[in-house]
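Residue-level structure breakdown
One-letter residues, chain by chain:
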Amino acid sequence: MEKMWAGRFEKALDKKADDFNSSIRFDCRMYKQDIEGSLAHAAMLEAKGILKKEELDAICGGLASILEDLESGALEFDMNAEDIHMFIEAELTARIGDAGKRLHTARSRNDQVAVDIRLYLRDVCAELRALIVELLCAVVDKAEEYKDLIMPGYTHLQRAQPITFGHHLLAYANMFSRDIGRLEDAVARMNYCPLGSCALAGTTYDTDREMTAEALGFDGVMGNSIDGVSDRDFCLELLSAFSVLMMHLSRFSEEIILWSSWEFKFVELDDSYTTGSSIMPQKKNPDMAELVRGKTGRVYGDLMALLTTLKGLPLAYNKDMQEDKEAIFDAVDTVKMCLEVFIPMIATMKAIPENMYKAAGQGFINATDLADYLVRKGMPFRSAYKVVGQTVALCIKKGVVLDELAMDEYKAQSELFEEDLYEEISLETCVKKRISEGSTGPASVEKQIACFKEKIKELKA
Ligand code: ARG
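It should be emphasised that the depicted structure is a prediction, and the values quoted were computed from it without experimental measurement.

Tallying secondary structure elements over the protein chain gives 20 helices and 4 strands in all. Here the C-alpha radius of gyration of the protein chain, 31 Å, is well above what a compact globule of 461 residues would show, namely 23 Å. On the principal axes, the C-alpha backbone points of the protein chain span a range of 100 × 50 × 40 Å. Considering the protein chain as a whole, with its 461 residues, one finds that 49% of them fall into the buried category. Restricting to contacts in the protein chain with at least 6 residues of sequence separation, those with at least 24 account for 75%. For the protein chain, the distance from the average site of its 55 positive side-chain charges to the average site of its 77 negative ones is 4 Å.

Moving on, we come to the site of the ligand. Neighbouring residues of the ligand: Ser23, Asp27, Asp83, His85, Arg109, Asn110, Val113, Tyr317, Gln322 and Lys325. Contact distances for the ligand include 2.5 Å between an oxygen atom and a side-chain N or O atom of Tyr317. One of the side-chain N or O atoms of Gln322 is found 2.8 Å from a nitrogen atom in the ligand. The fraction of the free accessible surface of the ligand (350 Å²) that becomes covered by protein chains is 86%. With 3 residues, the single largest contributor to the shell around the ligand is helix α7 (residues 109–145). Class assignment for the residues of the shell around the ligand results in 2 nonpolar, 4 polar and 4 charged.

Below, the discussion takes up the nonpolar core. Ranked by size, the top nonpolar core spans 80 residues in total, and within it Phe165 and Phe242 carry the most contacts. Going through the elements one at a time, α7, α8 (165–190), α11 (233–260), α12 (287–311), α13 (323–347), α14 (353–361) and α20 (442–460) are the ones with two or more residues in this core. No other element matches the 17 residues that α7 contributes to this core. In contact with Phe165, other than residues within four places in its own chain, are Tyr146, Leu149, Met151, Trp259, Val267, Met349, Ala351 and Met356. The next biggest cluster of nonpolar side chains, apart from the first, holds 22 residues, and it includes Cys28, Leu45, Ala81 and Ile88.

The terminal C-alpha atoms of helix α5 (residues 84–96), which comprises 13 residues, lie 18 Å apart, in line with the 18 Å expected from a rise of 1.5 Å per residue. What α5 keeps buried is the set Ile84, His85, Met86, Phe87, Ile88, Glu89, Glu91, Leu92 and Thr93. Buried-residue contacts for α5 involve α2 (24–27), α3 (31–47), α4 (53–72), α6 (98–102) and α7. Between a side-chain oxygen at the N-terminus of α5 and the backbone nitrogen of His85 the separation is 3.2 Å; the capping residue is Asp83. Among the residues trailing α5, Gly97 stands out with phi positive, at a value near 75°.

Below, the discussion takes up the packing of aromatic side chains. By convention here, two paired aromatic rings are described through the distance between centres and the angle between planes. Applying the stated criterion to the full structure yields 15 aromatic pairs. Centroid distance Phe165 to Trp259: 5.4 Å. Interplanar angle 80°. Geometry classified as edge-to-face. Of this pair, Phe165 sits in helix α8 while Trp259 sits in helix α11, and the two are 94 residues apart along the sequence. Taken individually, Phe165 and Trp259 each receive the classification buried, so the pair is uniform in this respect. Each member of the aromatic cluster is reached from another via a ring pair, and the members are Tyr172, Phe176, Phe252 and Phe342. Here the guanidinium or amino end of Arg122 rests over the ring plane of Phe218, the centre of that ring lying 5.1 Å away.

The next subject is the packing of α7 against α11. For the pair α7 and α11, the least separation of the axes is 12 Å and the interaxial angle reads 20°. Considering their axes alone, α7 and α11 lie roughly parallel with respect to each other. The two elements α7 and α11 meet at a crossing, and its hand is left-handed. Contact with α7, carried on its side by Ile117, Arg118, Leu121, Cys125, Leu128, Ile132, Leu135 and Val139, involves Phe234, Cys235, Leu238, Phe242, Leu245, Leu249 and Phe252 of α11 and no other residues of that element.

This next bit is on the pairing of strand β1 (residues 150–155). Successive side chains on a regular strand alternate, one facing one side of the sheet and the next facing the other. Across 6 bridges, the pairing between β1 and strand β2 (residues 158–164) is antiparallel. Bridge pairing links Gly153 to Gln161 in β2. Joining the antiparallel neighbours β1 and β2 is a turn of 2 residues, in which His156 adopts a positive phi near 55°.

What follows is about the side chain of Asp369. With respect to the helices and strands, the residue Asp369 is situated in helix α15 (residues 367–376). By relative accessible area, Asp369 is classed as buried at 7%. Only 2.7 Å separates the side chain of Asp369 from the side chain of Arg434, close enough to count as a polar contact. When sequence neighbours within four positions are dropped, the list of residues in contact with Asp369 reads Ile425, Cys430 and Arg434.

Between Leu315 and Ala316 the backbone carries a cis peptide bond, its omega angle lying at 0°. Examined against the element boundaries, Ala316 turns out to sit in the loop between α12 and α13. Of note in the backbone geometry, Lys265 takes a positive phi value of approximately 50° without being a glycine. By the element assignment, Lys265 lies in the loop between α11 and β3 (267–268). The exposure class of Lys265 is buried, given its relative accessible area of 12%. Backbone geometry at Phe364 places phi at a positive 55°, although glycine is not the residue there. For Phe364, the location among the structural elements is in the loop between α14 and α15. What makes Phe364 buried here is its relative accessible area of 18%.

Attention now moves to the environment of Ile456. With respect to the helices and strands, the residue Ile456 is situated in helix α20. Residue classification places Ile456 among the buried residues on the basis of a relative accessible area of 10%. Considered as a pair, Ile456 and Val133 are 323 residues apart in the sequence and their alpha carbons are 7.1 Å apart.

Before going further, it helps to examine the side chain of Ser414. Inspection of the secondary structure assignment puts Ser414 in the loop between α17 (407–413) and α18 (421–424). Polar side-chain contacts of Ser414 include one of 3.0 Å to the backbone nitrogen of Leu416. Ser414 has contacts with Leu374, Met379 and Val387, leaving out every residue within four places of it along the chain.

Rules of the game
Residues numbered from 1 in each chain as written. Predicted model: local features only at pLDDT ≥ 70, side-chain atom pairs only at ≥ 80, totals over all residues. Heavy atoms only, no water. Helix = DSSP H or I, 4+ residues; strand = E, 2+ residues; numbered from the N terminus. Rg over C-alpha atoms; globule rule 2.2 N^0.38 Å. Buried < 20%, exposed > 50% of the residue type's maximum accessible area, 1.4 Å probe, protein only. Contact = heavy atoms within 4.5 Å. Lys, Arg positive; Asp, Glu negative; His and termini not counted. Charge placed at Lys NZ, Arg CZ, Asp CG, Glu CD. Near = heavy atom within 4 Å. Polar contact = N/O pair within 3.5 Å; in protein donor to acceptor, adjacent residues only side chain to side chain. Areas by Shrake-Rupley, 256 points an atom, 1.4 Å probe, with all protein chains shown as cover. Nonpolar A, V, L, I, M, F, W, Y, C, P; charged D, E, K, R; others polar. Core = buried A, V, L, I, M, F, W, Y, C linked by side-chain atoms within 4.5 Å. Expected span 1.5 Å × (residues − 1). Phe/Tyr/Trp six-rings, centres within 6.5 Å; stacked < 30°, edge-to-face > 60°. Lys NZ or Arg CZ within 6 Å of the ring centre and 35° of its normal. Axes fitted to C-alpha atoms, helices over the stretch in contact; angles between N-to-C directions. Parallel < 35°, antiparallel > 145°, perpendicular 65-115°, else oblique. Left-handed = near helix turned anticlockwise from the far one by under 90°. Pairing = 2+ DSSP bridges.

Written out as structure tokens, the structure is:
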């Protein structure tokens, strides 16, 4: 195919260089957005008297038929085209003749690509947002299901204090809810229209950029034509938001992998989200969670790749920027795939209450509560902390836990210990007595669940 710019050159582009330069194999996914952008641009040109009514009609008809044929499969992308913008323009001109050649008045591919990618990402982000909301629902439902189930809470992966599984899951609900906020913020900042920036300096035609921005659903026009074609911040912001989301999914995955091991056996994943081993018949592997954890690295890679690509670029457009699309497309595809598997994996995950409860009963998880008991009886906290430390050491020597140590042994540690201590340090009491805002106590967990349910309603509205 002859290049659009062939007039300036004596020789054709080398075949390998041509393939190297071409982006159609990955930017073809923006065909719909490219057509949408062209329709808005053409309508504006006609409204401003730059195109005739018949020309606009021909362009609209031609673009509509191209869209239809691409969607039905009657028209295939020409992999010899330089990019999706060139492909559609060439196809339009082939179909309607001269009017097609007028479409590119007062615009450049630089603003075309900047518009297309924004429109594309706006659509994809709406899908991803809906998926994260769905994830949030699944997590909150699980939290409600297990709001009373006692398990050990950890720091340093050492048993620390008893919590409920519901409380633990709600920590993730908070993270995912912030992930939704980050995505929304990035989309809101992205939603300004670069169309009409042209190559970089604007145009001598009397265009109406507000009109195209409005027709394409943007919140306004980008205020500087050089920025309009140079800015890829929005890709970086989205990649950052995706990276944080993936980091959360990865931490959650890591816990699920640990909990699924025989060392913990706190949860059982549904068969449909686990795999067997080719050699070890007993295995049930949490592959989905491992892959989500693994793919997190890939999304971070996309962010690093684009940050690095952009860091040395002079204004305005440089061909390096064509690399933005593979990075952001890979990230959106990866995040979508991960969410689509992660959500049902969580929804079908079952806790094994006996194992969680048993683990919570070991490891002196109620030691803080025993110290608080002495404090309530008048001892200063630091002294109580020391007495309980000595008591724990004694228990370890005797091979018992705090709940099993006899009263006379307690009395030898401190006269303040009395019979009521056993009730006070039971796991149920430890949890029930956590009354502070945001804590693991039942009233607090109920409140957190109720807040999330309200929030989900708003997010879905
Ligand atoms: N395929 C190009 C890209 O993805 C479109 C913009 C081309 N502009 C240019 N001046 N060569 O960035």
